[in-house]
Amino acid sequence: MHFIGLFEIKLFFKMHSIRGILVFLTAFIIFSPSLAQEQDKEQSKLYMEQAELIMAATRAMDDARDLMITAANFDTTNIKANFDAGHYHLETIGKELAAKYFLRIARQNPGYRFDLDFWIGKSYHYGLDFDNAIKHYTQYRDNLIAQPNYAGQDKVGLIEVERKIEECKNGKEFVANPKNFSIVNMGREINSEFEDYAPVLNENEDEIVFTTRRRDGNLNENVYDDNKPFEDVFYSTKANGKWSRAKNIGSPINTKFNNSNAALSADGMTLYLYNDEGNGDIYMSKKLANGTWGVPSPVPGIINSPYREESLTVSEDGNTIYFSSDRPGGLGGSDIYMSIKDATGQWATLKNLGPVINTELDDDDPFIDYDGKTLYFSSKGRKGMGGYDIFKTSLLDLEKNEWSEPENLGYPINTPDDDIQYVSTKDGQRAYYASVHEDGMGYEDIYMITVPVESEEKPVGKFKYVVKVVDADTKRPIEAKVKLQGLKDNVAVGFSARGKGEFEFNITEAVARDYRLSVEKEGYVFQIQSIRIEGVSGEPQTGTLT
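Residues numbered from 1 in each chain as written. Predicted model: local features only at pLDDT ≥ 70, side-chain atom pairs only at ≥ 80, totals over all residues. Heavy atoms only, no water.

A. Here's a closer look at the pattern of salt bridges. By the definition in use, this model includes 33 salt bridges. The salt bridge involving Asp62 is made with Lys228; its shortest N-O contact spans 3.6 Å. Taken together, the residues span a long stretch of sequence, with Asp62 in helix H2 (residues 61-74) and Lys228 in the loop between strand E5 (207-212) and strand E6 (232-239) at a distance of 166 residues. Here Asp62 matches Lys228 in class, with each residue buried. Between Asp427 and Arg430 there is a salt bridge, with its nearest N and O atoms 2.8 Å apart. Through salt bridges with shared partners, a single network forms among Asp62, Arg65, Asp66, Glu195 and Lys228. (Salt bridge = Lys/Arg side-chain N within 4 Å of Asp/Glu carboxyl O. Helix = DSSP H or I, 4+ residues; strand = E, 2+ residues; numbered from the N terminus. Buried < 20%, exposed > 50% of the residue type's maximum accessible area, 1.4 Å probe, protein only.)

B. Focus on the sheet that holds strand E13 (residues 309-314). An order of E13-E14-E15-E16 is seen for the four strands of this open sheet, with the pairing classed as antiparallel. Both edges of this open sheet fall to E13 and strand E16 (347-352), since each of them pairs with a single strand only. Each neighbouring strand pair of the sheet contributes to a mean axis angle of 25°, computed without reference to strand direction. Sheet topology places strand E15 (residues 335-341) next to E16; four bridges connect them, and they run antiparallel. By the bridge assignment for E16, Met338 is matched with Lys351. (Pairing = 2+ DSSP bridges. Axes fitted to C-alpha atoms, helices over the stretch in contact; angles between N-to-C directions.)

C. Spatial organisation of the confidence of the model for the protein chain. Taken as a whole, the protein chain shows an average pLDDT of 88; of its residues, 90% reach a score of 70 or greater. Note that residues 1-21 has pLDDT below 50 and, in this model, 79 contacts with residues that lie over four places away or in other chains. (pLDDT = per-residue confidence, 0-100. Contact = heavy atoms within 4.5 Å.)

D. Up close: unusual backbone geometry. For the bond running from Ser251 to Pro252, omega is 5°, close enough to zero to count as cis. Mapped onto the elements, Pro252 comes out in the loop between strand E8 (247-248) and strand E9 (260-264). At the junction of Tyr411 and Pro412, the peptide bond is cis and its omega measures out at 10° in the coordinates. Tracing the sequence through the fold places Pro412 in the loop between strand E21 (407-408) and strand E22 (420-424). At Ala198, a residue that is not glycine, the phi angle is positive and equals roughly 55°. Relative to the elements of secondary structure, Ala198 occurs in strand E4 (residues 196-201).

E. The environment of Ala266, seen in detail. Residue position: Ala266 is located in the loop between E9 and strand E10 (270-275). Taking the C-alpha atoms as reference points, Ala266 and Asn202, 64 residues apart in sequence, are found 4.8 Å from one another. Once residues within four sequence positions are removed from consideration, Ala266 is found in contact with Asn202, Glu203, Glu316 and Tyr370.

F. Up close: the pairing of strand E27 (residues 495-499). Looking at chain direction, E27 and strand E28 (residues 502-507) are connected through four bridges and run antiparallel. By the bridge assignment for E28, Ser496 is matched with Glu504. In sequence, E27 turns back onto E28 through a hairpin of two residues, with Lys500 there showing a positive phi of about 55°.

G. Just the sheet that holds strand E24 (residues 445-450), in detail. Overall, antiparallel pairing links the four strands, which are arranged E3-E24-E23-E22 in an open sheet. A strand with exactly one partner marks an edge of an open sheet, and here the two such strands are strand E3 (182-185) and E22. Averaged over all adjacent pairs, the angle separating strand axes in this sheet is 25°, with direction ignored. In this sheet, E24 lies alongside strand E23 (residues 430-435) in antiparallel orientation, the contact comprising six bridges. Looking at E24, one finds that Arg430 is bridged to Thr450.

Shown next as C-alpha cells:
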C-alpha cells in the first residue's frame, strides 16, 4: 500500500518584533505515487468515440467526462481526448484536475490551441495554485498582445485574462490571511451528489428550504438534456438540534419542470420562488392552515419585468425588498434593486442600489440581515478570487441610498469558484450558503458557517510552519495541494506557496492545538494526518513528529 509519511520537524527560531517569536517548523512529507494506467491506443479510441456519441446526442457532460478521462489516460498522446477531458472537468467538477490533461497537450503540441495557456491557468486558479495560474495566464496574455489581430474562435479577450490575473493576486492575499470562519458541510440529510443550493431559513432556524437536482425524491421521472433531473424544491426541519432528512416540498410548488426557491419570510409563512417564464420572474406562495403551500403567483406590483429577475430577499418586517434584475438602466449584467411598500401595501418606486454596490458585471443574490441594514450579496465585478464572491455592506442613509464600501468576506468562505446565496441567522452566530469545497458530495453543497466572535486580544506572535512535499522514490519536490485546518472546528490556517513543493502556514494560536494536515496530488495516494502544534510562546521549542 502506498502512503504519505510524515517525519522529522526541525524547529528554528528568531525574534519577531517585541511581541513574540517567529518559529519555523519544517515538515518533510514523502509522497508515494499510485500506479499509472497502461497505454492502449485502441481502447482510448473506443472510449473517446463513446464520449463523442453522448455529446452529439445530449448535453450529458458528466457521463462524457468520465469516458473521455479514461480515453485520455489510455493514450496520453491523444490530443483530442486530453483536451476534452480537461474541458469537461472545467465545465463540471474537479476543475483543478484539468491542468493535467492540458499540460500533456502543451508538451506535445503547444500550438494546438491559441488559448491553451489560458485554460491551464484557469485550472491552476481553481486549485488555489495561484503562482502557476499567473504564470500561464501571463504567457497567454503576452501571446495575445504580440498578435493583436488574431481573431480565431480560440481567443479569450485581454480584459478577461487581465481580470483573472488580478483574481489570482487577490487569492494569494486572501488565502494567506484567512478569516476565522468554521465551515461545515450539512451532511447527507441535506446534500446529495447532485447540485444543492439556494438555502433559505426561517427566523427560528428550524426549517430550511433549498433547491436540488437530486434523483431521489424528484417529482419528475424524466431528466433534462444533461441527463440530470430537473430542479425541485426540498425542505428539512430541525428538532433537538438535528436536521431531518430532506423531503420534496411537493406540488403545487414543484411541477414537471425546473422549480427553485428564492427566499423565505422570517415567520416561514411566505415562500418566494424563481419561475423561468418571461425570461425569469419572482413568484410567491403562502403557507396554508394545514401546513401545505398555496398555488404560486407572481409577486404583485413592479418587481417583475420582461427581463430576468432571479433572486430576492425581504426584510424581517416584510416592508422592504431587494432583488436582482438585468433590466435596462443598470450598470451592467445583473444589478441589485430595492423597493419599499407604500401606504397601500404595494411595492412602490424602484431604486438601483448604485455604483457603490453594483458593477459592470453581475451582482446578485442579495440577503438583508435581520437588523435591516446589513446586506450580503454575491458579485463577479469586485475584488474577488474568481467567479462570484460574497460581500457585505451596511446601509448608511436610506433616503440618500448610501451604502458602505462592500467588504469581501474572504477565504475560506470565498473561493475561485462561485460562492453564492449567503443567508445569516437572526442571532448572527451562523450563516448558510452554497459552495464547492473539497469535502463536498459532488457539485454545490450547502454549508453552515459559524461566525467568529470579535476579540480585542491581539496575537503575540506567529509560527511559520513550513511543509515540504517530496516524491518517495526520487526525493524530488512535488507541487501538491496542501491544507492545514483546526481538527475540531475546521478553521483554515493561512498559507503561501514558496515554490519547489514548499508551503508556509501561519500559526497564530497562543496555546497548543490539534490540526488536520492533508496532502493531495493527482497520481499520488491522498493522505491525511492529525498533528499537534505548540502555541506561540516566548520560549524556543524543539520536537519530532513521526
